[in-house]
Amino acid sequence: QKEWEERLLREPWLSIWPDDPEALAKQKYDFCKVYAVDCKKLYSPSHLKRLKLVLMRAVKQQKRAMVLKAKLLMNFLSVEERKAMQLSLVQSSEDSSRIQAQYKLELARLTDRSNMLEKLLDFWRRRMFDYDEHLRLKRLEF
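Residues numbered from 1 in each chain as written. Predicted model: local features only at pLDDT ≥ 70, side-chain atom pairs only at ≥ 80, totals over all residues. Heavy atoms only, no water.

A.B. asks: I would appreciate a short explanation of the nonpolar core in the present structure.
C.D. replies: Side chains of a nonpolar character, in soluble globular proteins, are inclined to be buried together. Trp13, Leu14, Trp17, Ala25, Tyr29, Cys32, Val37, Cys39, Leu42 and Leu51 together form the largest nonpolar core, which totals 10 residues. Contributing elements (two or more residues each) for this core: helix H2 (13–16) and helix H3 (22–34). Ignoring anything within four residues of it in the chain, the contact list for valine 37 reads Cys32, Leu42 and Leu51. (Core = buried A, V, L, I, M, F, W, Y, C linked by side-chain atoms within 4.5 Å. Buried < 20%, exposed > 50% of the residue type's maximum accessible area, 1.4 Å probe, protein only. Helix = DSSP H or I, 4+ residues; strand = E, 2+ residues; numbered from the N terminus. Contact = heavy atoms within 4.5 Å.)

A.B. asks: Help me understand a nonpolar patch on the surface in this model?
C.D. replies: Among the surface-exposed residues, Met116, Leu117, Leu120, Phe123 and Trp124 lie close enough to one another that they form a single nonpolar patch of about 500 Å² accessible area. A relative accessible area of 35% places phenylalanine 123 in the partly exposed class. (Patch = residues over 30% accessible without salt bridge, like charges linked within 9 Å, V, L, I, M, F, W, Y side chains within 5 Å. Areas by Shrake-Rupley, 256 points an atom, 1.4 Å probe, with all protein chains shown as cover. Salt bridge = Lys/Arg side-chain N within 4 Å of Asp/Glu carboxyl O.)

A.B. asks: Can you help me understand the packing of aromatic side chains in this one?
C.D. replies: The description of two aromatic rings rests on the distance between their centres and on the angle between their planes. For the coordinates displayed, the defined rule picks out two aromatic pairs. Between the aromatic rings of tryptophan 13 and tyrosine 29, the centroid separation amounts to 5.5 Å while the plane-to-plane angle is 50°, which identifies the pairing as tilted. Taken together, the residues tryptophan 13 in helix H2 and tyrosine 29 in helix H3 connect sequence positions 16 residues apart. By the burial criterion, tryptophan 13 is buried, and tyrosine 29 matches it. (Phe/Tyr/Trp six-rings, centres within 6.5 Å; stacked < 30°, edge-to-face > 60°.)

Right, dumping it as structure tokens:
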């Protein structure tokens, strides 16, 4: 018991996210520390929208910085090394387009499944409503 309390003091992510695996809880905790986010605000939709915008801006800045660094480093490569680098970039863009296609396919499949489940729920909701109406009418007749 005492060891567990000491561990919770050393590792606060265990008490904040007790249902998550330790590694994931640690990642969430580190994320909150890096971006100065209150852990409780991760569940608020309005705060999530703001956080999403902040993260998208950070990703854009990181991409821009990476492109600039790559351009700078390309100046120090020989002609053969530059050609090899460009070939690897073309191959990686093909991989990313394949991943994007898989993502779109999976999204379409999930959307279809969601629509199907929604229709099923509507069907049963109508069915239960009709059944309730039937019972109510029988009670009134009685």
